[in-house]
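Report on the structure
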Amino acid sequence: MSSPIVLLALVGVLYTAGVYLLLERSLTRVLLGVLVLGNATNVLVIVAGGPTGAAPLVGRAPEETMSDALVQALVLTAIVITLGVSAFLLALIHRAWTLDREDDLTEDTEDRSVRRRLARGEQEDEEELDTTGCENVSDTDPEDTETGPDPVRAAAGAPGEDGR
């Protein structure tokens, strides 16, 4: 009877550690948090599955002594899901590291651009902001720098700011 209590305490500790790691700004710690949460879920499903028994193969043991095969299937499914999410997070970490040489998500330039546009009254809602091609918009640049003519307008032959 003491074994499930110890395992349930382990589940509580793993869930606590996993949530703590998920709340960090570092993508590596988020990945570790997802892995710990996946392991906590696996242990929880195993504990909830009841006592262990014989292998769930028909004809090898009486049905009353067999363990539940559903528990094993759920744990296997949870392992596969955790593996897929981990692979996705590893791809995000690799991309963040190759772009910025860090995996800490501290600054979002597009979010600052949207807030500046809202403050200046250029738009009423965040939904009406078209962020395609925002690299060429002066909002994403520092406030004190000037940008040149819009390359899209220049390529299309549309008149620029000077009316040509």
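As the structure is a prediction and not an experimental result, all values here were calculated from the model.

Description of the overall build of the protein
- Counting its regular elements, the protein contains 5 helices and 0 strands.
- Counting contacts in the protein only where the partners sit at least 6 residues apart, residues at least 24 apart contribute 46% of the total.
- A total accessible area of about 12200 Å² is found for the protein, and carbon and sulfur atoms account for 60% of it.

Brief notes about the pattern of salt bridges
- Taken as a whole and judged by the stated rule, the model has 1 salt bridge.
- Residue Arg29 is joined to Glu24 by a salt bridge in which the shortest nitrogen-to-oxygen separation is 3.5 Å.
- Owing to a relative accessible area of 42%, Arg29 belongs among the partly exposed residues under this scheme.
- With a relative accessible area of 25%, Glu24 lands in the partly exposed category.

Examining the nonpolar core
- Within the largest apolar cluster, 7 residues are counted, these being Leu27, Val30, Leu31, Val34, Leu89, Ile93 and Ala96.
- With 4 residues, helix α2 (residues 27-48) is the largest single contributor of residues to this core.
- What Val30 contacts, discounting residues up to four positions off in sequence, is Leu21, Leu22, Glu24 and Leu89.

Section: the packing of α2 against helix α3 (residues 69-100)
- Where α2 meets α3, the closest approach of the two axes is 10 Å, and the angle between their N-to-C directions is 180°. Between α2 and α3, the interaxial angle falls into the category roughly antiparallel.
- A class-by-class count of the residues in the contact of α2 with α3 yields 18 nonpolar, 5 polar and no charged.

Some details on α2
- End to end, α2 covers 31 Å across 22 residues, agreeing with the expected 32 Å (1.5 Å per residue, within 8%).
- Listed in full, the buried residues belonging to α2 are Leu27, Val30, Leu31, Gly33, Val34, Leu37, Gly38, Ala40, Asn42, Val43 and Val47.
- In the stretch just after α2, Gly50 is the one whose phi turns positive, near 95°.

Notes on the side chain of Asn42
- Take Asn42: it is sitting in helix α2.
- A relative accessible area of 10% means that Asn42 is categorised as buried.

Digging into helix α4 (residues 109-120)
- Between its terminal C-alpha atoms α4 stretches 17 Å, which fits the 16 Å expected from 12 residues at 1.5 Å a residue.
- Note on α4: the residue one or two positions beyond its end, Gly121, has a positive phi of about 80°.

Side note on the confidence of the model for the protein
- Of all residues in the protein, 70% have pLDDT values of 70 or greater, and the mean over the chain is 76.
- Here helix α5 (residues 151-156) stands out as the element of the protein with the lowest mean pLDDT, 55, in contrast to α2, whose mean of 90 is the highest.

What counts, and at which threshold
- Residues numbered from 1 in each chain as written.
- Predicted model: local features only at pLDDT ≥ 70, side-chain atom pairs only at ≥ 80, totals over all residues.
- Heavy atoms only, no water.
- Helix = DSSP H or I, 4+ residues; strand = E, 2+ residues; numbered from the N terminus.
- Contact = heavy atoms within 4.5 Å.
- Areas by Shrake-Rupley, 256 points an atom, 1.4 Å probe, with all protein chains shown as cover.
- Salt bridge = Lys/Arg side-chain N within 4 Å of Asp/Glu carboxyl O.
- Buried < 20%, exposed > 50% of the residue type's maximum accessible area, 1.4 Å probe, protein only.
- Core = buried A, V, L, I, M, F, W, Y, C linked by side-chain atoms within 4.5 Å.
- Axes fitted to C-alpha atoms, helices over the stretch in contact; angles between N-to-C directions.
- Parallel < 35°, antiparallel > 145°, perpendicular 65-115°, else oblique.
- Nonpolar A, V, L, I, M, F, W, Y, C, P; charged D, E, K, R; others polar.
- Expected span 1.5 Å × (residues − 1).
- pLDDT = per-residue confidence, 0-100.

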